[in-house]
Amino acid sequence: MYGDTSIQKPIKIAEPTSEEQARLEEIFQQKIDDNIKIEPQEWMPAAYRKTLVRQMSQHAHSEVIGMQPEGNWITRAPSLRRKVILLAKIQDEGGHGLYIYSAAETLGTSRAEMINQLQTGKAKYSSIFNYPALSWADMGTIGWLVDGAAITNQVALSKGSYGPYCRAMIKICKEESFHQRQGYELLLTLSRGTDAQKEMLQESVNRFWWPSLMMFGPNDADSPHSAQSMKWKIKKKSNDQLRQEFIDATVPQAEFLGITLPDPDLKWNEERGHYDYGQIDWEEFGHVINGNGPCNKQRVATHLKAHEDGAWVREAAAAYAEKQQNKNVA
Amino acid sequence: MTEKEWPLWEVFIRSKAGLDHKHCGSVHASDAEMAMEAARDVYTRRSEGISIWVVPSNAISASKPEDKESLFEPADDKIYRHPTFYDIPKGAGKM
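Nothing here was measured: the structure is a model prediction, and the numbers come from that model.

What counts and how
Residues numbered from 1 in each chain as written. Chains lettered and ligands numbered in written order. Predicted model: local features only at pLDDT ≥ 70, side-chain atom pairs only at ≥ 80, totals over all residues. Heavy atoms only, no water. Core = buried A, V, L, I, M, F, W, Y, C linked by side-chain atoms within 4.5 Å. Buried < 20%, exposed > 50% of the residue type's maximum accessible area, 1.4 Å probe, protein only. Helix = DSSP H or I, 4+ residues; strand = E, 2+ residues; numbered from the N terminus. Contact = heavy atoms within 4.5 Å. Expected span 1.5 Å × (residues − 1). Arc of directions from axis to C-beta. Buried area = accessible area lost by both parts, 1.4 Å probe. Salt bridge = Lys/Arg side-chain N within 4 Å of Asp/Glu carboxyl O. 1 Å grid on protein atoms, 1.4 Å probe; cavity = no way out; pocket = protein on both sides within 12 Å on 5 of 7 lines; lining within 4 Å. Points joined across faces, edges and corners; volume = space filled by probe spheres on them. Nonpolar A, V, L, I, M, F, W, Y, C, P; charged D, E, K, R; others polar. Pairing = 2+ DSSP bridges. Axes fitted to C-alpha atoms, helices over the stretch in contact; angles between N-to-C directions.

Visitor: Give a description of the nonpolar core that names residues and reports values.
Guide: Among the nonpolar cores identified, the biggest contains 49 residues, and M139, W144 and W209 of chain A are the most heavily contacted of them. Counting only elements with at least two residues in this core, the list comes to α4 (80-105), α6 (137-157), α7 (163-191), α8 (195-214), α10 (239-257) and α11 (282-292) of chain A. Tallying contributions element by element places α6 of chain A first for this core, with 9 residues. Leaving out residues up to four positions away in the same chain, W144 of chain A has contacts with Q180, G183, Y184, L187, V205, T250, Q253, A254, L257 and I259 of chain A. Core analysis: the second largest hydrophobic core is formed by 38 residues, I38 and A168 of chain A together with V42 and I52 of chain B among them.

Spelled out as structure tokens, the structure:
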């Protein structure tokens, strides 16, 4: 979920087993409270490490799986300009996955292990990528709404407590800004086009609006294990806070596009200074996150196939490296 | 998993002439040449660098966090090593 903690099962926090352990935990929490970043080799509670590995690996998986709905449209991009933009964006997503895997490996879990968990269904990824990209307009909507929601999430994550994760987030946020802008520009072009193009734009936004809001995870009241993540500053803002930020920023952009958002309850609340919005269908969310969305099986199968098809390349490269090494020794 | 994972390489990038190489992440690669190509693709897609170092991660010796006090604390009370320790009257001019 682009780094969201809410799709994870709660991690049991063990009571300190000794005085020494309690002292270390106290020093650790003090560092976090003082906004001192935690770096790889330092002492950290086992549950902190485990929470981070799980969150970061799921975040990385989301980036990599996120390449699929867009990859589907490369050969059908309507112009060379759109095609190079789409290629660059998808390459970025792959890069983002690698930044985060690299940061996660500093916690002692290998990338191979993390990828294995993705392929065997032990690790989840953002539910949004289990929806299909059905029209060209989806390439714009994904950039605008999906990457927009991801940025909202990731800006908060970049201020977290684990150094390598924060550094990866800062780099990613800079690049995501291109993703969101190219998406919005694409939609703007459609909004100035023919009736059919305007219709395609509206239809695409209708499909992606609610799943984008789900990207922030369950309502705070139903997200009980967020508290520990907040205390450790793995999470800096609550799901509902981030969702509200995203909605407030996005509604005026929708108005500018001349489209409607598919929520009759969406309206400005003068008193709160925020937009009110309708009920999210959490049943659908649960359905998709638990493997029964429109594309879950296809996404993992595609990943697995690419991985297996590439096995001979990995083997050949390893054999070549070994041969070269032996030569140098001889 | 029978397949052996490619070794890990740390990546350092000089962003422009006149600056030091700075650590920016890591890549998996079977040899130095591939590590270089992967580092270029992963870490310099937007002109972030003009020079790359890749170093096998296991070749780096790092200080341990628990040695922090013995290594770095001795410098904390040597404030006379800093220029601001010395009072120079304004009349002496810029120094």
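Next comes the rest of the description.
Visitor: So what's going on with helix α1 (residues 32-43) of chain B? Which residues, and what values?
Guide: Along its 12 residues, α1 of chain B runs 16 Å from first to last C-alpha, staying within 8% of the 16 Å computed at 1.5 Å per residue. Along α1 of chain B, the residues that are buried comprise A35, A39, V42 and Y43 of chain B. Projected down its long axis, α1 of chain B shows its buried positions confined to an angular sector of 75 degrees, all on one face. Exposed side of α1 of chain B, more than 90 degrees from the buried face: E33 and R40 of chain B are the residues found there. On the buried face of α1 of chain B, the contacting elements are α4 and α7 of chain A together with β1 (8-14), β2 (21-28) and β3 (51-56) of chain B.

Visitor: Requested: an account of unusual backbone geometry, with residues and values cited.
Guide: The phi dihedral of N35 of chain A falls on the positive side, at around 60 degrees, and the residue is not glycine. Residues other than glycine seldom take positive phi values, yet S47 of chain B does so here, at roughly 55 degrees.

Visitor: Go over the interface of chain B and chain A, please, and point to the residues and values.
Guide: Contact residues are listed per partner, giving 19 residues for chain B and 24 residues for chain A. Between chain B and chain A, roughly 1800 Å² of surface is buried when both sides are summed, and carbon and sulfur atoms account for 52% of that area. The interface formed by chain B and chain A holds 4 salt bridges in total. Close ionic contact of E175 of chain A with R46 of chain B constitutes a salt bridge, the shortest N to O distance being 3.3 Å.

Visitor: Can you break down the layout of surface pockets residue by residue, with the values?
Guide: Vacant regions in the atomic arrangement are exposed by a probe of water-molecule size rolled over the atoms. Residues and elements named next belong to chain A. Reported here for the second largest pocket is a volume of approximately 1200 Å³. In terms of lining residues, the second largest pocket is bounded by 41 residues, among which L98, R111, I115, H307 and R314 are the most central. The greatest single-element share of the lining of the second largest pocket, amounting to 7 residues, is contributed by α4. Grouping the constituent residues of the lining of the second largest pocket by class yields 17 nonpolar, 14 polar and 10 charged.

Visitor: Account for the sheet that holds β2 of chain B, naming residues and giving values.
Guide: Residues and elements named next belong to chain B. Strands sit in the order β2-β1-β3 across an open sheet of 3 strands; the sheet is antiparallel. Edge positions in the sheet fall to β2 and β3, since each has one partner strand and no second. Taking the axes of each pair of neighbouring strands and ignoring which way they run, one obtains an average angle of 30 degrees across the sheet. Set on the sheet, α1 makes contact with β1, β2 and β3; between it and β2 the angle comes to about 110 degrees.

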